Amino acid sequence: MDSFLITSVRVFDGVSVIYETGHALFSRGVITLVSAQPPQSLPENCTVISGAGCTLLPGLIDTHEHVYYEVSGLRNSLSYGVTTVLDLYNETPWPNNAKRTARERNGVADILSSYKAATIPKGWPEDESWYCKKNEKRIAAWIRVTSVESANERLMEVCFSFIKIVQETGEGFNAFPVGKTLPTPSISIQRALVAGAQEHRVLCVAHAMNHGDTFAVLQADVDGVVHALVDKTPTPKLVKAFKESGAFLVPTLTVTASFRGMHFGLSMHHELWLYVERCGFTPIEALVSATSVSARRWRLLGRGTIELGKKADLLLVRGDPTKDIAVSKDIEAVWRNGVKFENQGAH
């Protein structure tokens, strides 16, 4: 693999700015030096890049996407510095194809997937008529969760990186007729899924988009909730429940890239901008959430920070996104596994 030395660059390591003028060397896909001083010697055929006026960051982690059958979305993600994508609901063949592509070449983002979510008959998302009418055969193959035993059956699927459960009554959703309520699994079933995930040593996260459903999955002891609320502003009682449970939240403030025409990768930068401009985060807090915090909470080893021995999944941007989050999308270069992504275009 190629070796690169980035010189005279501001280094944000996923937690804080550790150097205003630092130097980073990576070789054979891993970070081998991060220092205030340049290395005394370089690997053979090492490419030296001036990082003057730029900031080096860990590759961003998009923690809620739906890749479906288009691996082009992973390429677009990487072009915007998103080196890892978490796919949270998909038909089994599609993430298999995306994973195979990510293993075979570094020109796309890495992907981990929950595959199908644990659903209930006639519940979300089976009730999405636009999808059901076009995909009856696929829906027939979904694993329905109707008992603790069927919950355990759901866990027999192989290759999942985490388990996703669904608790969706439809309350607060404009997509459903007024007064319509969707069926949801019982708390005992959800707890069985959480316990099974723990037995498999993977995380269990939940789709929940209103107060009642969110309280329910927190009572089931999920590791995280992967949507913000649509019914009303979070109440102090709900905030307290999150703190007591220790569960994390993936807000998905932007419409995710696989819906409504948003662009894979670019939506990540919009999300960070919303954290700062609408939610009161500092730019550093927003960047921390998309790098080291996501890696820690999702148990993603070897990524999320710039440290010796970590994967050389890196993003070089023009300007200082730790002061102005809007420049996070001004991409100078991206590397995945130490391989530079080519043809980024004019971001």
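What you see is a predicted model; the values in this text were computed from it and never measured. (Residues numbered from 1 in each chain as written. Predicted model: local features only at pLDDT ≥ 70, side-chain atom pairs only at ≥ 80, totals over all residues. Heavy atoms only, no water.)

(A) Quick look at the overall build of the protein chain. Summing up its helical and strand segments, the protein chain has 11 helices and 15 strands in all. Burial statistics for the protein chain: of 347 residues in total, 57% are counted as buried. Considering only contacts within the protein chain whose residues lie at least 6 apart along the sequence, 64% involve residues at least 24 apart. (Helix = DSSP H or I, 4+ residues; strand = E, 2+ residues; numbered from the N terminus. Buried < 20%, exposed > 50% of the residue type's maximum accessible area, 1.4 Å probe, protein only. Contact = heavy atoms within 4.5 Å.)

(B) Structural detail: the sheet that holds strand 6 (residues 60-65). Taken in spatial order, the 3 strands line up as 6-7-8 in an open sheet, and their pairing is parallel. Both edges of this open sheet fall to strand 6 and strand 8 (110-113), since each of them pairs with a single strand only. With direction set aside, neighbouring strand axes in the sheet form an average angle of 20°. Taken strand by strand, helix 2 (residues 93-104) contacts strand 7 (82-87) and strand 8, and its axis lies near 150° from that of strand 8. Strand contacts of helix 9 (residues 266-277): strand 6 and strand 7, with the helix running at about 95° to strand 6, the strand carrying the most contacts. (Pairing = 2+ DSSP bridges. Axes fitted to C-alpha atoms, helices over the stretch in contact; angles between N-to-C directions.)

(C) A look at the sheet that holds strand 11 (residues 224-225). Taken in spatial order, the 4 strands make up an open sheet running 9-10-11-12, and their pairing is parallel. Each edge of the open sheet is held by one strand with a lone partner, namely strand 9 (163-166) and strand 12 (248-249). Sheet topology places strand 11 next to strand 12; 2 bridges connect them, and they run parallel. Residue Gly224 lies in a different strand from strand 12, and its bridge partner there is Phe248.

(D) Main features of the pattern of salt bridges. Across all of its chains, the model carries 8 salt bridges by this definition. Notably, a salt bridge pairs Asp110 with Arg303, separated by 3.0 Å at the nearest N-O pair. In this pair, Asp110 is assigned in strand 8 and Arg303 in the loop between helix 11 (292-297) and strand 13 (314-318), connecting sequence segments 193 residues apart. No difference in accessibility class separates Asp110 from Arg303, as the two residues are buried. Between Arg318 and Glu332 there is a salt bridge whose closest N-O contact spans 3.0 Å. With Arg318 in strand 13 and Glu332 in strand 14 (residues 331-336), this residue pair connects regions lying 14 residues apart in the sequence. What makes Arg318 partly exposed here is its relative accessible area of 33%. Judged by relative accessible area, which is 40%, Glu332 ranks as partly exposed. Among the ionic contacts, a cluster of salt bridges with common partners joins Arg10, Glu20 and Asp320. (Salt bridge = Lys/Arg side-chain N within 4 Å of Asp/Glu carboxyl O.)

(E) Highlighting helix 2. Here helix 2 contains 12 residues, and its C-alpha end-to-end distance of 17 Å stays within 8% of the 16 Å for a straight helix at 1.5 Å per residue. Every buried residue of helix 2 is accounted for by Trp94, Pro95, Ala98, Lys99, Thr101 and Ala102. Along the axis of helix 2, the buried residues cluster in a sector spanning 160°; they form a single face. Turned more than 90 degrees away from the buried face of helix 2, the exposed residues are Pro93, Arg103 and Glu104. (Expected span 1.5 Å × (residues − 1). Arc of directions from axis to C-beta.)

(F) Summary view of helix 7 (residues 211-219). Every buried residue of helix 7 is accounted for by His211, Asp213, Thr214, Ala216, Val217 and Leu218. On its buried face, helix 7 is in contact with strand 9, helix 6 (187-199), strand 10 (204-207), strand 11 and helix 8 (236-245). Where helix 7 begins, the side chain of Asn210 points an oxygen toward the backbone nitrogen of Gly212, at a separation of 3.2 Å. After helix 7 finishes, the residue Asp221 shows a positive phi value of roughly 70°. (Polar contact = N/O pair within 3.5 Å; in protein donor to acceptor, adjacent residues only side chain to side chain.)

(G) Region of the structure containing the packing of aromatic side chains. Using the criterion set out here, one finds 6 aromatic pairs in the structure. Judged by centre distance (5.1 Å) and plane angle (50°), the rings of Phe248 and Trp298 are tilted. Here Trp298 lies in the loop between helix 11 and strand 13 and Phe248 lies in strand 12, a separation of 50 residues in the sequence. Under the relative-accessibility criterion, Phe248 is labelled buried at 8%. By relative accessible area, which is 4% here, Trp298 ends up buried. Through a chain of ring-to-ring contacts, the aromatic side chains of Phe4, Phe26 and Trp335 assemble into a single cluster. Against the face of Phe215 rests Lys237, its NZ or CZ located 5.5 Å from the ring centre. (Phe/Tyr/Trp six-rings, centres within 6.5 Å; stacked < 30°, edge-to-face > 60°. Lys NZ or Arg CZ within 6 Å of the ring centre and 35° of its normal.)

Function-wise, these values are silent; they only describe arrangement.
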